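One letter stands for each residue in the lines below.
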Amino acid sequence: MELLSGYIYIPVTNLERSVEWYAKNLHFEIAFEDPLYVEMRSTTGIRIMLIVSEEAVNSQMTYSSGPQAAYGFVVPDIDQARQWLMDHGIEVRRISNYQGKSFGFYDPDGNIIELWSDYPKE
């Protein structure tokens, strides 16, 4: 069996607001719309499914150190990505340097998103 790609379900309370936010800040584009969800795709083939959650549920895990992202994306330059988000008014968390560099930030519904950059080349 060969896995070709993947998708992520993300609970949101307002589809229109979330579609706009994910398009503006992470450059996803609408692929399919339905009254209950919107599928968005990146130019690299990443798929997200924004699903209406009337109970304001968010997708994150809780570790002993606090809330952690339940999903994330890989970027080529973590420092550049972090600076871009800050320049666009998005509050970002500190960079962690554990098995590569990463940091988290929040979407409008409080879902934690993590961006990760691969291990440094030696």
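Structural data are supplied above this passage.
The model shown is predicted, which means the values in this text are computed figures rather than measured ones.

Conventions used here
Residues numbered from 1 in each chain as written. Predicted model: local features only at pLDDT ≥ 70, side-chain atom pairs only at ≥ 80, totals over all residues. Heavy atoms only, no water. Core = buried A, V, L, I, M, F, W, Y, C linked by side-chain atoms within 4.5 Å. Buried < 20%, exposed > 50% of the residue type's maximum accessible area, 1.4 Å probe, protein only. Helix = DSSP H or I, 4+ residues; strand = E, 2+ residues; numbered from the N terminus. Contact = heavy atoms within 4.5 Å. Pairing = 2+ DSSP bridges. Axes fitted to C-alpha atoms, helices over the stretch in contact; angles between N-to-C directions. Phe/Tyr/Trp six-rings, centres within 6.5 Å; stacked < 30°, edge-to-face > 60°. Arc of directions from axis to C-beta. Polar contact = N/O pair within 3.5 Å; in protein donor to acceptor, adjacent residues only side chain to side chain.

(A) Geometry of the nonpolar core. Counting 25 residues, the largest nonpolar core has Y22, I48, L50, F73, F105 and L115 as its most contacted members. At the level of elements, β1 (7-12), α1 (15-26), β3 (37-41), β4 (47-52), β7 (71-74), α2 (78-87), β9 (101-106) and β10 (112-117) are the ones that each hand at least two residues to this core. When residues in this core are grouped by element, the largest group, 5 residues, is from α1. Sequence-distant contacts of Y22, that is, excluding residues within four places in its chain, are made with I10, H27, F28, M40, I48, L50, Y71, D107 and I113.

(B) Structural detail: the sheet that holds β1. Pairing in this open sheet of 4 strands is mixed, and the strands run β1-β4-β3-β2 from one edge to the other. Of all the strands in the sheet, the pair left with one neighbour each is β1 and β2 (29-33). The mean inter-strand angle of the sheet, taken between neighbouring strand axes irrespective of direction, is 25°. In the sheet, β3 pairs with β4 via 5 bridges, with the strands oriented antiparallel.

(C) Just the packing of aromatic side chains, in detail. If you walk through the whole model with that rule in mind, you get 7 aromatic pairs. Taking the centre distance of 6.4 Å and the plane angle of 65° together, the rings of Y22 and F28 count as edge-to-face. For F28, a relative accessible area of 3% puts it in the buried group. Seen in terms of ring centroids, F28 and F73 are 5.8 Å apart; in terms of plane orientation they differ by 55°. Their pairing is tilted. Of this pair, F28 sits in the loop between α1 and β2 while F73 sits in strand β7, and the two are 45 residues apart along the sequence. Using a relative accessible area of 9% as the deciding quantity, one classes F73 as buried. Here a set of aromatic residues connected by ring pairs shows up, and it is made of W21, Y22, F28, F73, F103 and F105.

(D) Representation of the sheet that holds strand β8 (residues 96-97). With mixed pairing, the 4 strands of this open sheet are ordered in space as β7-β10-β9-β8. The strands lining the two open edges of the sheet, one partner per strand, are β7 and β8. Judged from the 4 bridges that link them, β7 and β10 form a sheet pairing that is parallel. Looking at the pairing, G72 lines up with E114 of β10. Most of the contacts of α2 go to β9, to which it runs at about 20°, and overall it touches β9 and β10.

(E) The side chain of S18, seen in detail. Relative to the helices and strands, S18 is located in helix α1. Apart from the residues within four sequence positions on either side, S18 is in contact with V12, L50 and D109.

(F) Up close: α2. For α2, every residue scored as buried is listed here: I78, A81, R82 and L85. Seen end-on, α2 carries its buried residues on one side only, within an arc spanning 100°. When the buried face of α2 is taken as reference, the exposed residues oriented beyond 90 degrees from it are Q80 and D87. Residues of α2 that are buried in the fold lie against α1, β9 and β10. Between the side-chain oxygen at the start of α2 and the backbone nitrogen of D79 there is a gap of 3.1 Å, and the oxygen is on D77. Two residues or fewer past α2, G89 is found with a positive phi of approximately 80°.

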